[in-house]
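# Examination of the molecular architecture
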Amino acid sequence: RVAELKRLAAEPSVSADGVHVELAANIGGVEDVAKAMENGADGVGLFRTEFLYMGRNSLPTEEEQYETYRHVLDKMKGKRVVIRTLDIGGDKELPYLSLPKESNPFLGLRAVRFCLSREDVFRTQLRALLRASTAGKLNIMFPMIAVAGELRQAKTILGEERAKLESEGVPIAADIEVGIMIEIPAAALNADYLAKEVDFFSIGTNDLIQYTMAADRMNDAVAYLYQPYHPSILRLVRMVIRAAAREGKWTGMCGEMAGDLTAIPLLLGLGLGEFSMSASSVLPARELIGRLSKEEWSKLAEEALQLGTQEEVKQFVEQRSHA
Ligand code: PEP
Ligand code: MG
């Protein structure tokens, strides 16, 4: 079985009836890239850049970041690399920024909210990304977008930095895709509007579940509410994928749910085309998808969406599981 999985590392991610999907890896830094490639990942679906900012005493410079992004893009050899801009706040602190304490950090100045309040930090990262873009296939992704205004502000700043670099004669890739994470229910519900202004969505189920259920993802006392299979989550996921598809945009998923072998047939049935997961899950996922067909997963999702609780959905998909 291990040898069979190894063989799949060089194969495309395709179902028994010929439907191609993208199985990408989540990474936290340069040190994870080799593992992504060894496991045959079709790309990087989420680079959590906050790790470049953590475990140190000062902000990483533009030059340091440029080297890192360029290295990752280069090592991925032209495969898609989705780099998420800084997602700090919530449970991830940067002591050297000495930000004011918040009573609800997960509902506070986190991710793109922080970046829009500290444009200097944001612009440095965007310049590093733009300069690195010629080394491979870069996609830039903004986390924790709640409203269109945040997306527009972020895109405006990105455009300004691009224009500055171009006027300095710095080469920048022409085809950088710009997308957002869908991890706040307000964004999911408004996805048809947001879809007009992005190239792609990536669903962050870790936060989408937390915010939909109003249950802190770090708090064990309410861990029972972390319910990926809840019909409310499945409906949001379907809504997002359909909204993107109507605008000709693609949707991926980079939360933990994307690497769950039991969930994958269901997510395929909801129309998902890109799955980003830990590198070690890529080959098992590819092997599973090779045994599935579109007819089967469409029916599975349609029937699952008739159910009313996570328990019912889970039991139903587990019964039909091939994992
Ligand atoms: C998510 O929220 O699902 C996600 C992928 O982002 P993070 O876990 O880094 O918040
Ligand atoms: Mg998140």
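Residues numbered from 1 in each chain as written. Chains lettered and ligands numbered in written order. Predicted model: local features only at pLDDT ≥ 70, side-chain atom pairs only at ≥ 80, totals over all residues. Heavy atoms only, no water.

### Observations concerning the site of ligand 1
- In the vicinity of ligand 1 there are 15 residues, among which R48, R84, G204, N206 and R217 approach most closely.
- Between R48 and ligand 1, the recorded distance is 2.7 Å, taken from a side-chain N or O atom to an oxygen atom.
- Interatomic distance of 3.4 Å between a backbone N/O atom of G204 and an oxygen atom of ligand 1.
- Of all the secondary structure elements, the ones that give two or more residues to the shell around ligand 1 are β2 (43–48) and α10 (205–213).
- When residues of the shell around ligand 1 are assigned to their parent elements, the largest contribution, three residues, is made by α10.
- Here the residues of the shell around ligand 1 are counted per class, giving three nonpolar, four polar and eight charged. (Near = heavy atom within 4 Å. Polar contact = N/O pair within 3.5 Å; in protein donor to acceptor, adjacent residues only side chain to side chain. Helix = DSSP H or I, 4+ residues; strand = E, 2+ residues; numbered from the N terminus. Nonpolar A, V, L, I, M, F, W, Y, C, P; charged D, E, K, R; others polar.)

### Focus on the sheet that holds strand β7 (residues 250–253)
- If you trace the eight strands once around the closed barrel, you get β1-β2-β3-β4-β5-β6-β7-β8, paired in parallel fashion. With direction set aside, neighbouring strand axes in the sheet form an average angle of 25 degrees.
- In terms of strand pairing, strand β3 (residues 80–84) meets strand β4 (residues 137–142) through five bridges, oriented parallel. Note that in β4 the partner of R80 across the bridge is K137.
- Contacting β1 (22–27) and β8 (274–277), helix α13 (residues 279–289) crosses the sheet at an angle of about 165 degrees to β1. (Pairing = 2+ DSSP bridges. Axes fitted to C-alpha atoms, helices over the stretch in contact; angles between N-to-C directions. Contact = heavy atoms within 4.5 Å.)

### What about the side chain of D87?
- Tracing the backbone shows D87 in the loop between β3 and α5 (112–117).
- Taking relative accessible area as the criterion, D87 reaches 1% and is therefore assigned buried.
- Not counting residues within four places of it along the chain, the set of residues in contact with D87 comprises E50, K92, R110, A111 and P143. (Buried < 20%, exposed > 50% of the residue type's maximum accessible area, 1.4 Å probe, protein only.)

### Description of the coordination of the magnesium ion (ligand 2)
- With distances of 2.0 to 2.1 Å, the protein atoms coordinating the magnesium ion (ligand 2) are E183 (OE) and D207 (OD). Taken together, the residues E183 in the loop between β5 (177–182) and α8 (185–189) and D207 in helix α10 connect sequence positions 24 residues apart. There is no split in this pair, since E183 and D207 are both buried. (Donors = N, O, S within 2.8 Å, 3.2 Å for Na, K, Ca; no water.)

### A few points about the packing of aromatic side chains
- Per the counting criterion, the structure on display carries three aromatic pairs.
- Seen from their ring centres, F122 and F142 are 5.9 Å apart, and the 65 degrees between their planes marks the pair as edge-to-face. Separated by 20 residues along the polypeptide, F122 in helix α6 (residues 119–132) and F142 in strand β4 bring together distant segments of the chain.
- Ring centres of F200 and W250 lie 4.7 Å apart, and the angle between their planes is 10 degrees; this geometry places the pair in the stacked category. One end of the pair, F200, is in strand β6 (residues 200–203); the other, W250, is in strand β7, with 50 residues separating them in the sequence.
- Directly above the ring of Y66 sits R131, whose terminal nitrogen or CZ lies 4.2 Å from the centroid. (Phe/Tyr/Trp six-rings, centres within 6.5 Å; stacked < 30°, edge-to-face > 60°. Lys NZ or Arg CZ within 6 Å of the ring centre and 35° of its normal.)

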